[in-house]
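Structural overview for review
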Amino acid sequence: MSLQYRAIGWNRQKKIYDRTVLGLVGGYLALFVGVGAWVHPYATIETLLIRGLGTAAFLLLHVILSIGPLCRIDRRFLPLLYNRRHLGVTLFWLAAAHGLFALVQFHAAGDLNPLVSLLAGNTRYDSLAQFPFQQLGLLALLILFLMAATSHDFWLHNLSPRIWKGLHMSVYLAYGLLMGHVTLGVLQSETSPLLAAAVALGLAVVLALHCAAAWREHRLDRARHAAGEQGFVEAFEVDSIPNNRARVLSLGGERIAVFRYEGCVSALSNVCAHQNGPLGEGKVIDGCVTCPWHGYQYLPGSGASPPPFHEKVATFRVRVMEGQVFVHPMPLPPGTPVEPARVPERAAAEKDEFYIGYEPQAPVALGRRIRGTVMGLAAIAAAYALVWVVGQKPFAPGVFEFLTVREFVGVVEEHPVPALLVSRPAAQPPLAPASRYPLVSSGKHGAAKDVAGFHGRRVRLSGLLVYREGLTMIELVSGSLQPAGSPADTGPESLAVRDFGRLVLKGEIVDSKCYWGVMNPGNGKVHKDCAVRCISGGIPPAFLVKGRQNRSVVLLLVGPNGESIHRSVLDRVAEPVEIQGRVMRLGDTLILKAEPSAIRRL
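Residues numbered from 1 in each chain as written. Predicted model: local features only at pLDDT ≥ 70, side-chain atom pairs only at ≥ 80, totals over all residues. Heavy atoms only, no water.

1. Details of the pairing of strand β23 (residues 589-593)
Most of β23 sits inside the fold, with four of its five residues counted as buried. As paired elements, strand β21 (residues 552-558) and β23 share three bridges and run parallel to each other. The residue bridging Val 558 from the neighbouring strand is Lys 593, located in β23. In this structure, strand β22 (residues 576-586) lies alongside β23, joined through five bridges in antiparallel fashion. Within β23, the residue paired with Val 583 across the bridge is Leu 592. Turn length for the β22-β23 hairpin, with the two strands adjacent in sequence and antiparallel, is two residues, and the turn residue Gly 587 shows positive phi of about 65°. (Buried < 20%, exposed > 50% of the residue type's maximum accessible area, 1.4 Å probe, protein only. Helix = DSSP H or I, 4+ residues; strand = E, 2+ residues; numbered from the N terminus. Pairing = 2+ DSSP bridges.)

Here it is, written out as structure tokens:
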């Protein structure tokens, strides 16, 4: 308790608490990224960080939601609750970092503001399979932000405990939104039953703990008490109340804590004025009832905090007759002094493991238990990280040579997609006389503007290679494209065209740049918003078809006359579709020519 607000009063216990939390979070991320890079060598660091931060936040939310019912079931878990708000703020920063990395990865560097892209990239609210899961995550993050921003006692005091508590109960709404975010997002792309089991187990644990705690509380509320004289109600035997402790009963829907101390018995509301903590689980220390949650104190005879503090709780009249405690169920105004009932004083105070976070040293036995709990949490976190790492689908061998700029000389093709033809001097049939490398610009932009007017011209340019399983693309360095030789120097002849006729194919529309290797994986629902931005920015759409033995075939998707149709397919990206069109091979590149109207959702 304090008369003045400070940002955080870091005492010894809080420093230990926060260092332990940061150590566990740092260890989790290091394990996830390290093992993830080893198991999935083609996974990008951005993808590993996004998934590591997201799973860390998801696990921490389960821990936070479990602390409350654990403390209801066994008060020895109370040290975990004392600084639970620190866990909440840590959760927000993990979730915010996850969201920021995802926003940059999937929505930045495109043709639309990233936040607008987040809200408008996927609007399939009419489909459960395609439901926009990222918006659910954004709503949950906003709730976590409000909770983190109001976590200080300044807001608790000014909003009032009732409003503040109601606001922070919205953590359950955030939990529901995040369950939807995970279930409709990663679990639809990562189909491993191991990951589904991990999510289901977390939900089951949270529900089971809350049900167990609710049943324990329900038994207390359901207890019946005999009526006495003058409206008093018989509670329990006075000898059943531990010294300097309390027993709790429920009368008329009101929880009442009956304390025994220094040869006296007094009754107070069980609800602490600070955060509605259970005073009945507290202890009389230095003559004051001390709340087990955050150490707020009240004089047992009046329910008022000792000067100079002003918090007050309701008091109740109490009698002790023939060894039985009787309590009047009508509460008195908060802070009303009540004469305590006198009882024989016990010779010595009973020792127990009561924890208050502002004390310099925690009880020895309780400290051992908490250390064991922390070690158990560390083991659970490590297992959780490994489950998510191992449960992910294998990453295809896609590579983006982000830091390696190469020089290329070849002939530009503007149609059907911007490309560079590079001669193969010694190529023999069936190899084409030139390699055909699609061209794109940096970020989520195509290269149509960069190559405009250079069709059929030999050029020199700088670029970064993107390649995956025989597919190669060049990301053009801005301003590097220059003519090489005279305008009449056109390089290799046009590539041979083979027409396979009209076919009906089933698959998924992806953006070629990410799927080739810039972002791994570059397909599926989790990549939908990024693919929409890339294709909208002019990067050629591609059609991914799963062939026999799960082998992939990729065709660049254009209109029936070879024209770009990138803006016409945006609402079909990353969904199962069927396309009827003409399949052609241009050199070593497969092309699918189709009308946008011929693209049908499955």
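After that view, the rundown keeps rolling.
2. Remarks on empty space enclosed by the protein
Inspection of the entire model under this criterion finds two cavities of 30 Å³ or more. Each pocket or cavity is described by its volume, and for the largest cavity that value is around 60 Å³. Taken together, Arg 75, Arg 76, Leu 78, Pro 79, Arg 245, Glu 353, Phe 354, Tyr 355 and Leu 366 make up the lining of the largest cavity. Of the residues assigned to the lining of the largest cavity, the class counts are five nonpolar, no polar and four charged. (1 Å grid on protein atoms, 1.4 Å probe; cavity = no way out; pocket = protein on both sides within 12 Å on 5 of 7 lines; lining within 4 Å. Points joined across faces, edges and corners; volume = space filled by probe spheres on them. Nonpolar A, V, L, I, M, F, W, Y, C, P; charged D, E, K, R; others polar.)

3. Focus: the packing of aromatic side chains
In the structure shown here, the tally under the stated rule is seven aromatic pairs. Judged by centre distance (5.7 Å) and plane angle (65°), the ring pair of Phe 400 and Phe 402 falls under edge-to-face. Judged by its relative accessible area of 57%, Phe 402 falls in the exposed class. Connected via pairs of aromatic rings, a cluster forms that spans Phe 92, Trp 93 and Phe 145. The cationic tip of Arg 369 hangs over the ring face of Phe 77; the distance from NZ or CZ to the ring centre is 5.0 Å. Positioned above the aromatic ring of Tyr 515 is the side chain of Arg 468, whose terminal nitrogen or guanidinium carbon lies 3.7 Å from the ring centre. (Phe/Tyr/Trp six-rings, centres within 6.5 Å; stacked < 30°, edge-to-face > 60°. Lys NZ or Arg CZ within 6 Å of the ring centre and 35° of its normal.)

4. A look at the layout of surface pockets
Its boundaries defined by the atoms lining it, the second largest pocket holds a volume of some 1,300 Å³. Considering every element that reaches the lining of the second largest pocket, the biggest residue donor is β21, with five residues. Class assignment of the residues belonging to the lining of the second largest pocket gives a composition of 19 nonpolar, 13 polar and 15 charged.

5. Quick word on the environment of Ser 250
As for its placement among the helices and strands, Ser 250 is situated in strand β2 (residues 245-251). A residue is classified by how much of its surface remains accessible, and Ser 250, at 9% relative accessible area, is buried. Taking the C-alpha atoms as reference points, Ser 250 and Pro 329, separated by 79 residues in sequence, lie 8.9 Å from one another.

6. Notes on the sheet that holds strand β9 (residues 318-321)
Overall, antiparallel pairing links the three strands, which are arranged β1-β10-β9 in an open sheet. This sheet does not close on itself; its edge strands, each paired only once, are β1 (233-237) and β9. Going across the sheet, the axis of each strand differs from the next one's by a mean of 30°, ignoring polarity. Note that β1 and strand β10 (residues 324-327) share three bridges and pair antiparallel. Opposite Glu 237, over in β10, you have Gln 324 as the bridge partner. (Axes fitted to C-alpha atoms, helices over the stretch in contact; angles between N-to-C directions.)

7. A short note on the sheet that holds strand β6 (residues 288-290)
Neighbouring strands of a sheet are bound in pairs by backbone hydrogen bonds; such pairs are parallel or else antiparallel. Across the sheet, three strands lie side by side as β5-β6-β7; this open sheet has antiparallel pairing. Edge positions in the open sheet fall to β5 (283-285) and β7 (297-298), since each of these has one partner strand only. Direction of pairing for β6 relative to β7: antiparallel, over a ladder of two bridges. In the strand pairing of β7, Thr 290 is matched with Gln 297.

8. Overview of the pairing of strand β4 (residues 264-269)
Counting buried residues in β4 gives six out of six residues, a clear majority hidden from the surface. As paired elements, strand β3 (residues 254-261) and β4 share six bridges and run antiparallel to each other. Note that in β4 the partner of Arg 260 across the bridge is Val 265. Counting the residues in the hairpin turn of β3 and β4 gives two residues, including Glu 262, whose phi is positive at 45°. Pairing between β4 and strand β11 (residues 341-342): two bridges, direction antiparallel.

9. Brief notes about the nonpolar core
Tyr 28, Leu 94 and Trp 388 are the most contacted members of the largest nonpolar core, which has 69 residues in total. In terms of nonpolar packing, the next biggest core, distinct from the first, is built from 22 residues, Ala 102, Val 466, Tyr 515 and Val 554 among them. (Core = buried A, V, L, I, M, F, W, Y, C linked by side-chain atoms within 4.5 Å.)

10. Concerning helix α15 (residues 528-536)
Counting buried positions over the nine residues of α15 gives nine, a clear majority of the element. Of all the positions in α15, only Lys 528, Asp 529, Cys 530, Ala 531, Val 532, Arg 533, Cys 534, Ile 535 and Ser 536 are classed as buried. The positive-phi residue at the C-terminal boundary of α15 is Gly 538, with phi of around 105°.

11. A closer look at the packing of helix α1 (residues 12-39) against helix α2 (residues 45-73)
At a minimum axis distance of 9 Å, the contact between α1 and α2 shows a crossing angle of 140°. Between α1 and α2, the angle falls in the class oblique. Crossing angle aside, the handedness with which α1 passes α2 is right-handed. For the pair α1 and α2, the contacting residues are Tyr 28, Leu 29, Phe 32, Val 33, Gly 36 and Ala 37 in the first and Ile 45, Leu 48, Leu 49, Arg 51, Gly 52, Leu 53, Thr 55, Ala 56 and Leu 59 in the second. Across the contact of α1 with α2, the residue classes break down as 11 nonpolar, three polar and one charged. (Parallel < 35°, antiparallel > 145°, perpendicular 65-115°, else oblique. Left-handed = near helix turned anticlockwise from the far one by under 90°. Contact = heavy atoms within 4.5 Å.)

12. Considerations on the state of the cysteines
Taken as a whole and assessed by the stated rule, the structure comprises zero disulfides. As a non-bridged cysteine, Cys 71 has Cys 291 as the owner of its nearest cysteine sulfur, 11 Å distant. Not part of a disulfide, Cys 291 finds its nearest cysteine sulfur in Cys 272, a span of 4.0 Å. Since its relative accessible area comes to 2%, Cys 291 is described here as buried. (Disulfide = S-S within 2.5 Å.)

13. Some words on the packing of α2 against helix α4 (residues 84-107)
Between α2 and α4, the least distance of the axes is 9 Å, while the angle of their chain directions is 155°. With respect to each other, α2 and α4 are oriented roughly antiparallel. Where α2 crosses over α4, the two elements pack in a sense that is left-handed. For the contact of α2 with α4, the residue count by class is 17 nonpolar, seven polar and two charged.

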